[in-house]
Amino acid sequence: QVHLVESGGGLVQPGGSLRLSCAASGIIFSFYSMNWYRQAPGNQREWVASITSDSIGTYADSVKGRFTISRDNAKNTVYLQMNNLQPEDTAVYYCNTILGGRMFWGKGITVTVSS
């Protein structure tokens with residue numbers, strides 16, 4: 001059973017930084033691309049960033065240049081470094097992967113950007 005657990009969220013002031021982590025189990029982690037999504041209150045869930053098995057990252061335009069996705073295959077963990085956070089980044093952030101055509105999600109972690 002694939003299990004994804006996010007951590008590292010919280011309250012941060014505009015311009016601040018946070019690093020989210022997602023620990024994966026139940027999969028051969030190094031084989032799979034990993035993704036971050038987010039859902040702001042009242043909005044649909046949106047894709048934020050992805051990282052391939054060979055660590056190539058791609059980003060939504062809204063976070064490009066501010067967020068960095070990375071992975072540590074030895075720790076079965078994917079990270080999202082978020083810099084210069086803005087109020088519009090406030091959302092629940094979800095870790096995701098696709099295995100056998102099925103999407104797996106973590107429970108999400110809340111990030112609040114406010115002064």
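Scroll up to find the structure this text is about.
All of the points below concern the structure found in this document.

Cut-offs and rules
- Within any chain, residue numbers begin from 1 and follow the written order of that chain's sequence.
- For this predicted model, a pLDDT threshold of at least 70 governs which residues receive local features, and a threshold of 80 or more governs which side-chain atom pairs are given and counted, while totals over whole chains, interfaces and linings are taken from all residues.
- Each side-chain value is worked out from all heavy atoms of the structure, with water and hydrogens disregarded.
- Patches were defined on residues exceeding 30% relative accessible area and lacking a salt bridge, with like-charge contacts within 9 Å and nonpolar side-chain contacts (Val, Leu, Ile, Met, Phe, Trp, Tyr) within 5 Å.
- Per-residue and other accessible areas follow the Shrake-Rupley method at a 1.4 Å probe size, with only the shown protein chains counted as cover for residues.
- Salt bridges, as used here, are contacts in which a Lys or Arg side-chain nitrogen is within 4 Å of a carboxyl oxygen on Asp or Glu.
- Where helices and strands are cited, they refer to DSSP runs of H or I of at least four residues and of E of at least two residues respectively, numbered from the N terminus.
- Relative accessibility under 20% of the residue-type maximum defines a buried residue, over 50% an exposed one, and the middle range a partly exposed one, all with a 1.4 Å probe and only protein chains included.
- Between the rings of Phe, Tyr and Trp (Trp by its six-membered ring), a pair exists once the centres lie within 6.5 Å; its type follows the angle of the planes, with under 30 degrees stacked, over 60 edge-to-face, and the other angles tilted.
- Here, over-ring charges are defined by two tests on the NZ atom of lysine or the CZ atom of arginine: distance to the ring centre within 6 Å, and angle to the ring normal within 35 degrees.

### A look at a nonpolar patch on the surface
Link 1 in the chain: Where nonpolar side chains cluster on the molecular surface, the patch consists of I98, M103 and W105 and spans about 260 Å² of accessible area.
Link 2 in the chain: Locating M103 in the fold gives a position in strand β10 (residues 102–105).
Link 3 in the chain: Looking at M103, the relative accessible area reads 38%, which means it is partly exposed.

### A look at the packing of aromatic side chains
Link 1 in the chain: Scanning the entire structure with this criterion turns up 3 aromatic pairs.
Link 2 in the chain: A centroid spacing of 4.9 Å and a plane angle of 70° characterise the contact between Y37 and W105, whose relative ring orientation is edge-to-face. With Y37 in strand β4 (residues 34–39) and W105 in strand β10, this residue pair connects regions lying 68 residues apart in the sequence.
Link 3 in the chain: The interplanar angle of 90° and the centroid separation of 6.3 Å between the aromatic rings of Y94 and W105 together place this pair among those described as edge-to-face. You can see Y94 sitting in strand β9 (residues 91–99) and its partner W105 sitting in strand β10, a full 11 residues away along the chain.
Link 4 in the chain: A residue is classified by how much of its surface remains accessible, and Y94, at 12% relative accessible area, is buried.
Link 5 in the chain: In textbook terms, an aromatic cluster arises when at least three aromatic residues are bridged by ring pairs, as seen for Y37, Y94 and W105.
Link 6 in the chain: We note R45 situated over the ring of Y94; from NZ or CZ to the ring centre the distance is 3.7 Å.
Link 7 in the chain: Sitting over the ring of F29, R71 keeps its end group 4.5 Å from the ring centre.

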